[in-house]
Amino acid sequence: MNNRILIIAHAPLASALRDCAMHVYSECAADVIALDVLPDAQPEDTLAQALDVAGAALDSGLLVLTDIFGATPANVAQKLVAGSNAKLIAGVNLPMLLRSVCYRHESLDQLVTRAQAGGTQGVMTVGSTAPQNQTGKRHAPSHHDHQQ
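Worth saying up front: this structure is predicted, and the values here are computed from it rather than measured.

A. Just the nonpolar core, in detail. Counting 20 residues, the largest nonpolar core has Ile 7, Leu 63, Leu 65, Ile 89 and Leu 97 as its most contacted members. Looking at this core, the elements that each hand over two or more residues are strand 1 (4-10), helix 1 (13-24), strand 3 (62-66), helix 5 (94-102) and helix 6 (108-121). Not counting residues up to four positions away in its chain, the partners in contact with Leu 63 are Arg 4, Ile 5, Leu 6, Lys 87, Ile 89, Ser 100, Leu 108, Leu 111, Val 112 and Ala 115. By size, the runner-up hydrophobic cluster in this structure holds 17 residues, among which are Ile 33, Leu 47, Ala 77 and Val 81.

Shown next, in the form of structure tokens:
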């Protein structure tokens, strides 16, 4: 059984992230839900929408991803997952979502670990050289790095 994923974020981020993920994993459309929170939306109304779209997944396996901790979408998401089997991660980005979709069949706790790893590993400083050259430092041939 697959965990479902709910993205709840400031409009139009939730839908945009879902659209990007479906570009790669179109077969997963039923497992990924987006809820865009409009600027003038009332938190109570947003919570009612979230409860409606989350449904039974709240107790059977739901990973909720939100954008900014402390903002309305995250506050609503915290209320949504309170007392349920769902897990919540703030700071969603596309690498996190793609990793979540890819590993949604794992246990919810494992999925949280995978999602967080995908999110952090997807953030990196990129130089002007080709990506395959980004992994190590370049030193003079006589230079040696020593681990401590």
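From this point, things continue past the structure.
B. Region of interest: the sheet that holds strand 2 (residues 32-37). One open sheet holds the four strands; their spatial order is 2-1-3-4, and the pairing between them is parallel. Strands with a single pairing partner mark the edges of an open sheet, and in this sheet they are strand 2 and strand 4 (87-90). Pairwise comparison of adjacent strand axes, ignoring direction, gives a mean angle of 20° for this sheet. Two elements, strand 3 and strand 4, share four bridges in a ladder whose sense is parallel. In the sheet register, Leu 63 faces strand 4, and the bridge partner there is Lys 87. Contacts from helix 6 reach strand 3 and strand 4 within the one sheet, and its direction differs from that of strand 4 by about 5°.

The rules behind these values
- Along each chain, residues carry numbers from 1 onward, in the same order as the chain's sequence is written.
- Where totals are concerned, whole chains, interfaces and linings use all residues; where local detail is concerned, this predicted model gives features only for residues with pLDDT of at least 70, and gives and counts side-chain atom pairs only at 80 or more.
- Each side-chain value is derived from all of the structure's non-hydrogen atoms; neither hydrogens nor water enter the calculation.
- The term nonpolar core refers to a set of buried residues drawn from Ala, Val, Leu, Ile, Met, Phe, Trp, Tyr and Cys, joined through side-chain atoms within 4.5 Å.
- The cut-offs for exposure are 20% and 50% of the maximum accessible area for each residue type, with area from a 1.4 Å probe on protein chains only; residues under the lower value are buried, those over the upper are exposed, and the others partly exposed.
- Secondary structure counts use DSSP, requiring at least four H or I residues in a row for a helix and at least two E residues in a row for a strand, with both numbered from the N terminus.
- We call two residues in contact when some of their heavy atoms are within 4.5 Å.
- Note on pairing: DSSP must find at least two bridges between two strands before they are called paired.
- Geometry is summarised by axes, namely lines fitted to C-alpha atoms with helices restricted to the contacting stretch, and by angles between N-to-C directions that run from 0 to 180 degrees.

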